[in-house]
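As a plain string of letters, each chain reads:
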Amino acid sequence: MQTTTRVAIIGGGVVGASVLYHLTKLGWSDVMLLERSELTSGSTWHAAGGFHTLNGDTNMAALQGYTIKLYKELEEITGMSCGLHHVGGVTLADNQDRFDMLLAERAKHRFMGLETEIVGPEEIRKIAPVTNTDGILGALYDPLDGHLDPSGTTHAYAKAARMGGATIETHCMVRETNQRPDGTWDVVTDKGTIHAEHVVNAGGLWAREVGAMAGIYFPLHPMEHQYLVTEEVPLIAEMMADGKEHPHVMDPAGESYLRQEGKGLCIGFYEQPCRPWAVDGTSWEFGQDLLPNDFDKIEQSIDFAYKRFPDLERAGVRSVIHGPFTFAPDGNPLVGPVPGVRNYWSACGVMAGFSQGGGVGLMLAQWMIEGETERDTMAMDVARFGDWITPGYTLPKVIENYQKRFSVAYPNEELPAARPNRTTPMYDIFSQMGAVWGQQYGLEVANYFAQGDEPGYETPSFRRSDAFDATAREVKAVRKSVGINEVQNFGKYRVTGSRARAWLNRIMAGRVPAPGRLSLTPMLSPKGRLIGDFTISCLAENHFQLTASYGAQAFHWRWFLHHQEDGVTLENISDRRTGFQIAGPQARAVLAASTRSDISEMRFLDVRRLTVGMADCIVQRVSYTGDLGYEIYCDPMSQRALWSTLWAAGQPYGMTPFGMRAMMSLRLDKFFGSWMAEFSPDYTAAETGLDRFISFRKNDDFIGRAAAEAERDNGPARKLVAFEVDAEDADVQGYEPIWLDGAVVGFCTSGGYSHHAGKSIALGFLPSNRVAEQPDVKIEILGQMRGAKAITEPLFDPDGTRMRG
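Residues numbered from 1 in each chain as written. Predicted model: local features only at pLDDT ≥ 70, side-chain atom pairs only at ≥ 80, totals over all residues. Heavy atoms only, no water.

**Student:** I'm lost on the overall build of the protein in this one. Help?
**Tutor:** Within the protein, the regular secondary structure consists of 22 helices and 37 strands. The C-alpha atoms of the protein give a radius of gyration of 27 Å, which matches the 28 Å a tight globule of 805 residues would have. Overall size of the protein, expressed as C-alpha extent along the three principal axes, is 85 × 60 × 50 Å. Expressed as a percentage of its 805 residues, the buried residues of the protein come to 61%. Taking the intrachain contacts of the protein between residues at least 6 apart in sequence as the baseline, contacts between residues at least 24 apart amount to 72%. Roughly 29,700 Å² of accessible area belongs to the protein as shown, and the carbon and sulfur atoms make up 48% of that amount. In the protein, 76 side chains carry a positive charge and 100 a negative one; their mean positions are 6 Å apart. (Helix = DSSP H or I, 4+ residues; strand = E, 2+ residues; numbered from the N terminus. Rg over C-alpha atoms; globule rule 2.2 N^0.38 Å. Buried < 20%, exposed > 50% of the residue type's maximum accessible area, 1.4 Å probe, protein only. Contact = heavy atoms within 4.5 Å. Areas by Shrake-Rupley, 256 points an atom, 1.4 Å probe, with all protein chains shown as cover. Lys, Arg positive; Asp, Glu negative; His and termini not counted. Charge placed at Lys NZ, Arg CZ, Asp CG, Glu CD.)

**Student:** Could you clarify how one ought to interpret the pairing of strand S19 (residues 435–440) in this entry?
**Tutor:** Along a regular strand, successive side chains alternate from one face of the sheet to the other. Bridge analysis of S19 against strand S20 (residues 443–449) gives six bridges, and the strand direction is antiparallel. By the bridge assignment for S20, Trp437 is matched with Ala446. What sits between the antiparallel neighbours S19 and S20 is a turn of two residues, in which Tyr441 has the positive phi angle 55°. (Pairing = 2+ DSSP bridges.)

**Student:** What exactly am I supposed to notice about the side chain of Glu474 here?
**Tutor:** Mapped onto the fold, Glu474 is located in helix H13 (residues 468–480). Look at Glu474: it is buried, it has no salt bridge, and the nearest opposite charge is Arg473 at 4.0 Å. In this structure the side chain of Glu474 is engaged in a polar contact, spanning 2.7 Å, whose partner is the backbone nitrogen of Phe449. Within polar-contact distance, the side chain of Glu474 engages the backbone nitrogen of Gly659 at 3.0 Å. Contacts of Glu474, omitting those with residues within four sequence positions, involve Tyr448, Phe449, Pro657, Phe658, Gly659 and Ala662. (Salt bridge = Lys/Arg side-chain N within 4 Å of Asp/Glu carboxyl O. Polar contact = N/O pair within 3.5 Å; in protein donor to acceptor, adjacent residues only side chain to side chain.)

**Student:** What am I meant to see in the packing of helix H1 (residues 14–25) against helix H10 (residues 353–370) here?
**Tutor:** Helix-helix packing is characterised by the crossing angle of the two axes and by the distance between the axes. Viewed as axis vectors pointing N to C, H1 and H10 meet at an angle of 40°, and their least axial separation amounts to 8 Å. Between H1 and H10, the crossing angle belongs to the class labelled oblique. Here the hand of the crossing between H1 and H10 comes out right-handed. Note on element contacts: H10 touches H1 through Gly353, Phe354, Gly357, Gly358, Val360, Gly361, Leu362, Leu364, Ala365, Met368 and Ile369, opposite Val14, Val15, Ser18, Val19, His22 and Leu23. Considering only residue class, the contact of H1 with H10 consists of 11 nonpolar, six polar and no charged. (Axes fitted to C-alpha atoms, helices over the stretch in contact; angles between N-to-C directions. Parallel < 35°, antiparallel > 145°, perpendicular 65-115°, else oblique. Left-handed = near helix turned anticlockwise from the far one by under 90°. Nonpolar A, V, L, I, M, F, W, Y, C, P; charged D, E, K, R; others polar.)

**Student:** Sorry, what's going on with the state of the cysteines here?
**Tutor:** Two cysteines joined by a covalent bond between their sulfur atoms form a disulfide. Scanning all chains against the criterion turns up zero disulfides. Free cysteine: Cys274, not disulfide-bonded; nearest cysteine sulfur from Cys266 at 19 Å. Of all cysteine sulfurs in the structure, the one in Cys634 sits closest to Cys617, which takes part in no disulfide; the separation is 5.2 Å. (Disulfide = S-S within 2.5 Å.)

**Student:** Sorry, what's going on with the sheet that holds strand S21 (residues 483–486) here?
**Tutor:** Sheet strands pair via backbone hydrogen bonds, and the direction of the pair is either parallel or antiparallel. Spatially, six strands are ordered S28-S29-S30-S27-S21-S31 in an open sheet, and the strand pairing comes out mixed. With one partner strand each, in any of the chains shown, strand S28 (607–612) and strand S31 (656–657) form the two edges of the open sheet. Taken strand by strand, helix H17 (residues 639–650) contacts S21, strand S27 (578–583), S28, strand S29 (615–620), strand S30 (629–634) and S31, and its axis lies near 15° from that of S27.

**Student:** Help me understand unusual backbone geometry, please; the structure alone is not making it clear to me.
**Tutor:** A negative phi angle is the norm for most residues apart from glycine, just as the trans form is the norm for most peptide bonds. Each neighbour pair has its own omega, and for Arg419 with Pro420 the value is -5°, a cis peptide bond. Inspection of the secondary structure assignment puts Pro420 in the loop between helix H11 (391–403) and helix H12 (427–432). Of note in this structure, Asn343 is not a glycine but carries a positive phi near 60°. Mapping Asn343 onto the fold places it in the loop between strand S17 (334–337) and strand S18 (344–348). A residue is classified by how much of its surface remains accessible, and Asn343, at 18% relative accessible area, is buried. In the Ramachandran plot, Phe671 falls in the positive-phi region, its phi being about 60° despite a non-glycine side chain.

**Student:** Explanation requested: the nonpolar core in the structure shown.
**Tutor:** Looking at soluble globular proteins, one finds that nonpolar side chains tend to be buried together. Membership of the largest hydrophobic core comes to 69 residues, with the highest contact counts inside it found for Phe218, Tyr344, Val495, Leu504, Met508, Leu546 and Phe560. Per-element tally for this core: the top contributor is strand S24 (residues 530–540), with five residues. Those residues in contact with Phe218, other than ones at most four positions away along the chain, are Asn201, Ala207, Arg208, Gly211, Leu334, Val338, Tyr344, Ser346, Cys348 and Val382. Counting residues in hydrophobic clusters, the runner-up holds 45 residues, among them Val19, Leu39, Leu70 and Leu74. (Core = buried A, V, L, I, M, F, W, Y, C linked by side-chain atoms within 4.5 Å.)

**Student:** When you look at the packing of aromatic side chains in this model, what are you seeing that I'm missing?
**Tutor:** All told, the structure shown has 33 aromatic pairs when counted by the stated rule. When the ring of Phe430 is compared with that of Phe449, the centres are 5.1 Å apart and the planes differ by 85°; the resulting orientation is edge-to-face. Of the two residues, Phe430 sits in helix H12 while Phe449 sits in strand S20, which places them 19 residues apart along the sequence. We classify Phe449 as buried; its relative accessible area is 1%. Taken together, Tyr257, Tyr270, Phe325, Phe327, Tyr402 and Phe406 form an aromatic cluster joined through their ring pairs. Above the ring of Trp28, the side-chain terminus of Arg6 is found at 3.9 Å from the ring centroid. The cationic tip of Arg479 hangs over the ring face of Phe796; the distance from NZ or CZ to the ring centre is 3.8 Å. (Phe/Tyr/Trp six-rings, centres within 6.5 Å; stacked < 30°, edge-to-face > 60°. Lys NZ or Arg CZ within 6 Å of the ring centre and 35° of its normal.)

**Student:** Honestly, the sheet that holds S24 in this entry has me stumped. Any pointers?
**Tutor:** Read across the sheet, five strands follow the order S23-S24-S25-S22-S26 without closing on themselves; strand pairing throughout is antiparallel. The outermost strands of the open sheet, each flanked by one partner alone, are strand S23 (518–524) and strand S26 (569–572). Taken over all neighbouring pairs, the strand axes of this sheet differ in orientation by 25° on average, direction set aside. Bridging between strand S22 (residues 490–496) and S26 involves four bridges; their strand directions are antiparallel.

**Student:** I tried to follow helix H14 (residues 500–507) on my own but got confused; where do I start?
**Tutor:** Every α-helix carries 3.6 residues per turn, so stepping three or four residues along brings you back to the same face. Where burial is concerned, most of H14 is hidden: six out of the eight residues are buried. All of the buried residues in H14 are Ala500, Arg501, Trp503, Leu504, Asn505 and Ile507. In the core, the buried residues of H14 are packed alongside S22, S23, S24, strand S25 (543–549), helix H15 (553–562) and S26.

**Student:** Sorry if this is basic, but what is going on with H13 here?
**Tutor:** When the terminal C-alpha atoms of H13 are compared, their 18 Å separation across 13 residues agrees well with the 18 Å that a helix rising 1.5 Å per residue should span. Every buried residue of H13 is listed here: Ala470, Thr471, Glu474, Val475, Ala477, Val478 and Arg479. Where H13 is buried, its residues meet S20, S21, S27, S31, helix H18 (660–669) and helix H22 (801–804). (Expected span 1.5 Å × (residues − 1).)

**Student:** I'm lost on the side chain of Asp294 in this one. Help?
**Tutor:** Considering the arrangement of structural elements, one finds Asp294 in the loop between strand S15 (264–269) and helix H8 (299–308). Leaving out residues up to four positions away in the same chain, Asp294 has contacts with Gln226, Arg275 and His322.

**Student:** Help me out: how do you make sense of the environment of Leu103 in this one?
**Tutor:** Its location among the elements puts Leu103 in helix H3 (residues 96–112). Once the C-alpha coordinates of Leu103 and Leu140 are considered, the two residues, 37 residues apart in sequence, prove to be 8.0 Å apart. If sequence neighbours within four positions are ignored, Leu103 has contacts with Ile118, Leu782 and Gly783.

**Student:** I tried to follow the pattern of salt bridges on my own but got confused; where do I start?
**Tutor:** In a structure, side chains of opposite charge can pair up when their charged atoms sit close to one another. Tallied over the full model, the rule gives 46 salt bridges. In this structure, Glu197 and Arg6 form a salt bridge, with 3.8 Å as the shortest nitrogen-oxygen distance. With Glu197 in strand S11 (residues 192–201) and Arg6 in strand S1 (residues 4–10), this residue pair connects regions lying 191 residues apart in the sequence. Look at Glu197 and you get partly exposed, because its relative accessible area is 34%. Here Asp94 makes a salt bridge to Arg98, at a shortest N to O gap of 2.8 Å.

**Student:** Looking at this structure, how should I read a negative patch on the surface?
**Tutor:** A surface patch of negative charge is lined by Asp296, Glu299, Asp303 and Glu313. Take Glu299: it is sitting in helix H8. (Patch = residues over 30% accessible without salt bridge, like charges linked within 9 Å, V, L, I, M, F, W, Y side chains within 5 Å.)

**Student:** How should I be thinking about the pairing of S28 in this particular structure?
**Tutor:** Bridging between S28 and S29 involves six bridges; their strand directions are antiparallel. Following the sheet pairing, Thr611 is matched in S29 by Asp616. Where S28 folds back on S29, the antiparallel hairpin that results is connected by two residues, among which Gly613 adopts a positive phi of roughly 65°.

Below you can see the structure in the form of structure tokens.
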């Protein structure tokens, strides 16, 4: 066995094999895979082998599309069969909410180039005759759906990797992973020690145990999963005699998926009385094993399936496959460089390995070799969970995710498991004031404050929710007088040291402000993509506070540490600095009444240290509401005292607490973009308008400068535009296609209702050569073409008089 390698991949399932292959495909041949047993051991060998493109996240859907198209390429490269069956598939909808979800997904597929379509009950019966369509409104048909041979596919990946120079060691048990001072790794196995520059954890069922060898906790948990294969079904036998194969059928109402298996049927369930497996760790003795049959937990699911697919009831059960596979708390994979650990990579939690494994392998290989991926991978980035996550949080969230595998995914839904978890000192006070809570990055964040007969629970919906009136009331309060909310859900970082300013000039594309001032700036990747939109506050010449998205905390912190240099001290103070935002025309009066300092000359984008009531605070004049406003930061121990001061000072002006629903409406009045909507690694500064904050005049060679300058000189192919939409009861959520001259030319990034202007607003991309004409377009919302017109003047304070005055 070789004793050195550039990359050591631990785990020989389909994901590990895919990573190995893609590394060779992109040019790294000195790579090896270590498998303690045989390839496919664990979850891969007993997988049902289905694949599909449907996914609520468009980038994940695109990667699933890549994975499916890759299989024929693997067959051509290796001469091996993946056992492909491209039979197509339908996803059924038995109520309007499910149908709305399918309409929204079909709309997204238009600009993604996926050839899906909505079909009615009659068409369903023709496509999938085994289906009883009683009560079915319609379905989404995807011709790419199908299934394959899990073992053959994994071995095809492995052979293609070997052809590219990779090495595979089976029956090689990894016992330790020890990092050297230079960041490389000693991987200790029962066959000897391997010195590797990089380690990839593709451990599947054992990913937690493999991570623990390096002192890393991976938020994963295995769940028991069961599917059945029937004896011969006459209808299927007849179809085969005619040279046809029955397509897949996904039945969310029955929590089941069904496909043909030989002359019979294969059906699997995501049952509500589900069971976690190996709660305290996966045994190393487990391998190509199955769990005992358990019909009790799927009894109700089977009864429902007999009604939806009557042929099942008349067919005997030929075999039962009951085995475990892993989930992350939100059901998406954990992929990428592990924050805070050099040269350690994750390829874990890939629950849908044969839908996602190819895309995961490609993204990780690009990340390792090129430094960044070709598309936004935030939905599966291991950094989307912070160091606050524990097994006690992971387990209930994984159970919840399993149970909701086939549930409707609403844009405004707040899932209840493992909550509340992380709270600020204001949680009980705000709860008593009627706060209706959401969560971000494990933190409880107020969505709105229910008063009177306003609902204390926001009903999930694709349309305007029952929180509409409460949100309107809060928006009106901010615009008419003054509102208050927390600023805990900002990521906050302290940057100090003799080279702090120089470091910021390199890491940020924008201007670094003078003491007492703040600036807005994008942070770019080397290819010029957006990886952050930040506020930089200069508290002293070598002392800065940065603020950005709270949910991107680990993502940004990983980037900062990767680029840290001598003379710079970095601290993540996101949970050590909290406070409030006050906004509205009376915000200045409230702040003046709360401090003995003179704030009359405090300009827009000024930052000062002030004593507010009894609290030492950092106060900066800026507001995401687009109104006159201040962000007031303090120590968490002082937050309740600060609240008492501000709340008392605000009473003469009718101060009103407001939540994130109102905030997202208010920002639309000024066409302000939002992180992971308008601003994400899928887009560039010039495309989104953030290039106006880039300082091309500074002499520093900031990261991404060359790419940004090239785009400045040549112009972007698309630009972000605001639209007023002729909506009815549903507003843009994101990724709705934009039609112009009978063709899809762009897509929406986000939208909603401006309660201030009484208009439905959307933000989205148009080709740059069509922007100047401010065209009228159509936006497809839940299957309906809604007229929309491009607008350029903000709906509130268009000249900035109130915000800047």
